[in-house]
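Reading the structure
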Amino acid sequence: MKTLNRRIFLSGTAAAGGALAVGGATAAPAHAAQTQQPTAATAPQTVVGPKDRRYADLRRGTNQRWVGSPDEIRLATTTDEVVKAVQDAVDSGRRLAVRSGGHCYEDFTTHEDIAIVLDLSQMADVSYDAERRAFAVQPGVPLGRVYERLYKGWGVYLPAGNCPSVAAGGHIQGGGYGSMSRRDGLAVDHLYGVEIVVVGADKKARVVTATREADDPNRELWWAHTGAGGGNFGVVTRYWLRSPGATGTDPAHQLPAPPREVWLSEVAWPWQEMNETRFARLMWNHGDWHARNSAPGSPYTALFSQLKPFHKSGGAVVLDSLIDAGAPGAERMLQRYIDAVSAGVGIKPQVRQYRRMPWLHATQWPGFTGPDPTVRFKGKSVYAKRNYTDAQIAAAYRHLTRDDFSNPSALLMIASYGGAVNKVAPHATAVPQRDSVLKYQVVSLWNDAADDAANIGWVRECYRDMFASTGGVPVPNDTNDGCFINYADVDLGDPRWNTSDVPWHDLYYKDGYRRLQKAKAAWDPTGFFRHAQSIRPA
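Residues numbered from 1 in each chain as written. Predicted model: local features only at pLDDT ≥ 70, side-chain atom pairs only at ≥ 80, totals over all residues. Heavy atoms only, no water.

If you trace the four strands from one edge of the open sheet to the other, you get β2-β3-β5-β4, paired in mixed fashion. Of all strands in the sheet, those with a lone pairing partner are β2 (46-48) and β4 (96-99), marking the two edges. The mean inter-strand angle of the sheet, taken between neighbouring strand axes irrespective of direction, is 25°. With three bridges joining them, β2 and strand β3 (residues 72-75) adopt antiparallel strand pairing. (Pairing = 2+ DSSP bridges. Helix = DSSP H or I, 4+ residues; strand = E, 2+ residues; numbered from the N terminus. Axes fitted to C-alpha atoms, helices over the stretch in contact; angles between N-to-C directions.)

Tallying each qualifying case throughout the model produces zero disulfides. Cysteine Cys104 is unpaired, with the sulfur of Cys163 as its nearest cysteine sulfur at 14 Å. Lacking any disulfide linkage, Cys483 is separated from the closest cysteine sulfur, that of Cys462, by 14 Å. (Disulfide = S-S within 2.5 Å.)

With that settled, consider the pairing of strand β10 (residues 235-241). Within β10, seven of the seven residues are buried, which leaves the element mostly enclosed by the surrounding structure. Where strand β7 (residues 134-137) lies against β10, three bridges are found, and the strand directions are antiparallel. Looking at the pairing, Ala136 lines up with Trp240 of β10. Of the strand pairs in this sheet, strand β8 (residues 191-199) and β10 are connected by six bridges, and their pairing is antiparallel. What sits directly across from Ile196, in β10, is Val236. (Buried < 20%, exposed > 50% of the residue type's maximum accessible area, 1.4 Å probe, protein only.)

A few words on unusual backbone geometry. Positive phi, close to 55°, is recorded for Arg133, a residue that is not glycine. Looking at the secondary structure, you find Arg133 in the loop between β6 (126-129) and β7. Of the residues examined, Arg133 reaches a relative accessible area of 22% and is grouped as partly exposed. In this model, Lys203 sits at a positive phi of 65°, which is unusual for a non-glycine residue. Tracing the backbone shows Lys203 in the loop between β8 and β9 (205-211).

The next thing to look at is the UniProt feature "domain: FAD-binding PCMH-type" (unreviewed entry) in the chain. The feature "domain: FAD-binding PCMH-type" (unreviewed entry), as annotated in UniProt, sits at residues 59-246 in this numbering. Across residues 59-246, helical content stands at 22% and strand content at 23%; the span's end C-alpha atoms are separated by 41 Å. (UniProt positions renumbered as here; feature names shortened; annotations may be inferred.)

Turning next to the pattern of salt bridges. Enumeration over the complete set of coordinates arrives at 38 salt bridges. Among the salt bridges present, the one from Arg183 reaches Asp184, with a minimum N-O distance of 2.8 Å. For Arg183, a relative accessible area of 24% corresponds to the partly exposed category. One salt bridge connects Asp452 with Arg376, and the closest N-O pair in it is separated by 2.8 Å. (Salt bridge = Lys/Arg side-chain N within 4 Å of Asp/Glu carboxyl O.)

Attention now goes to the side chain of Lys520. By the element assignment, Lys520 lies in helix α14 (residues 513-523). Engagement of the side chain of Lys520 in a polar contact is seen with the backbone oxygen of Phe529, the distance being 2.6 Å. The contacts of Lys520, once residues within four sequence positions are left out, are Asn232, Phe233, Pro525, Phe529, Ile535, Arg536 and Pro537. (Polar contact = N/O pair within 3.5 Å; in protein donor to acceptor, adjacent residues only side chain to side chain. Contact = heavy atoms within 4.5 Å.)

Moving on, we come to the sheet that holds strand β16 (residues 410-416). Spatial ordering of the open sheet is given by β14-β11-β13-β12-β16-β17-β15, a layout of seven strands whose pairing is antiparallel. Either end of the sheet is taken by a strand with one partner, and the two such strands are β14 (350-358) and β15 (376-384). Looking at each pair of strands side by side, their axes are set apart by 15° on average, direction ignored. As defined by bridge partners, β16 adjoins strand β17 (residues 438-446) across seven bridges and the pair is classed as antiparallel. Among the inter-strand pairings, Met413 is bridged to a residue of β17, identified as Gln441. Together, β15, β16 and β17 form the strand contacts of helix α12 (residues 452-466), whose direction differs from that of β17 by roughly 160°.

In a regular helix each residue adds 1.5 Å, so twelve residues correspond to 16 Å; helix α4 (residues 143-154) covers 16 Å between its end C-alpha atoms and thus fits that length. Taken together, the buried positions of α4 are Leu143, Gly144, Val146, Tyr147 and Leu150. Each buried residue of α4 sits inside an arc of 160° when the element is viewed along its axis, so together they form one side. Its buried side turned inward, α4 meets β6, β7, α5 (168-173) and α10 (359-362). (Expected span 1.5 Å × (residues − 1). Arc of directions from axis to C-beta.)

Here we come to the nonpolar core. In terms of nonpolar packing, the biggest core is built from 131 residues, with Phe233, Trp269, Phe279, Leu412, Met466 and Leu516 touching the most fellow members. When residues no more than four places from it in sequence are discounted, the contact partners of Leu516 are Trp223, Ala224, Ala228, Phe233, Ala430, Tyr509 and Ile535. Membership of the second largest hydrophobic core comes to 21 residues, among which are Val83, Ala89, Val90 and Leu120. (Core = buried A, V, L, I, M, F, W, Y, C linked by side-chain atoms within 4.5 Å.)

Okay, α14 next. Every buried residue of α14 is listed here: Tyr513, Leu516, Gln517, Ala519, Lys520 and Trp523. Along α14, the residues classed as buried sweep out an arc of 160° about the axis, all on the same side. Turned more than 90 degrees away from the buried face of α14, the exposed residues are Lys518 and Ala522.

We describe a pair of aromatic rings using the distance from one ring centre to the other and the angle between the two ring planes. Under the defined criterion, the tally for this structure stands at 28 aromatic pairs. Consider the rings of Tyr508 and Tyr509, whose centres lie 5.9 Å apart with planes at 55°: the pair is tilted. Both residues of the pair, Tyr508 and Tyr509, count as buried. Geometry around Tyr192 places Arg242 over its ring, the cationic atom sitting 4.2 Å from the centre. The cationic tip of Lys439 hangs over the ring face of Phe484; the distance from NZ or CZ to the ring centre is 3.3 Å. (Phe/Tyr/Trp six-rings, centres within 6.5 Å; stacked < 30°, edge-to-face > 60°. Lys NZ or Arg CZ within 6 Å of the ring centre and 35° of its normal.)

Structure below.
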């Protein structure tokens, strides 16, 4: 099997909180009415068809497993252009999909039935809306640019994902998380409002604004965008961000400030010194530490890490960590964490990196950033409330050490979770998983289509066996709490891989799905916006 360049993955793989490719923002007036009709666009919208030299690039996103064949790709730059594209699709009876950054795990924007792809990548502005006392972020802006603009302009940030190339569009509305979420919560915990293009029962596209204000008649539409993922209700053309409880008119007080500096660490345990007993101890230590140190009031909310047990062909089990250097005793806490994970394993971890960096520079650190956009990948997600079970550890070891499969870029990618995330009530947002301490993926990344079956099979089999006691999926119980919509996985709806009685939508949304269905019926009554795992109307 041909494999990826090992250098890319020794430090990191797919981003924490990577997003679906849907969402949005606009260059329209900063303070929109509750609903508004579009005005005529002042210039022709860019339309790319199959004969255009750009088509080969624009027909796909970052997951090279998926290549679409739409009639056209529309590159919108304003809300008016979004309205026009949506209305044209409705009038012509053609299926439309929306893409912002293109980091979709499945074929939601490349399916063979899709005739029009609405590309929002050119809607990439970040500004401050003084009237709303909130930051306006358009859907196509990459997270790296969001961090840079917010920090350089106002000294604030959004606690969102670690991959700088993921766009805000799908990431935010899926409930994006990242390296500072244990300290400051999820991205959606700071979502004040959305501007969104919807299609009514009259089959007319219009612009609606929805906020978290208690008296906003469209508040349920805001709530639906706090974790339901993209492609469900319409096209978000702007996000407004302001932390709950923020006061005054100073922009510097409307979102949290990031750390000034962080400590970065990477250590590794070589597979050549590993055996099943040592691996089990390492995993148990890691899970136990998170179970004990992930309460909202823990000083360790300043720390985030990813444990990455690569397949043995990758050479090592890697632990990448970050801690706010301004936290009291930060260096000491970081070392204690590494010592706790390594305790009793019998292998001294190799120190690959240890350095102090300014926060903004650290957002580009490859220890957490995403994969090379020329690769193919498949991932399956887990929310974990407790330590791993013995059966889960044994299944993981068995698949990570298989001799009939070899890919140094196949792994478990296990992220720290909890902390401030768990301060929010389960029904306050559409993200119901508010008592987990770990969030992880079984994932593989590879180059060649000829290797699809082997890699997809490895991911499916490892995941199935880790959750064999609950039908091959992490059914919510005392240990697990379902799956993450931004790591979309159509296998959850396939009875070959989900033999539990729990449907895919309850694994993502739990009992919040019924509320989302009502929002779907109210705001997309014709079911115009849809994909394989979109919300179904009640």
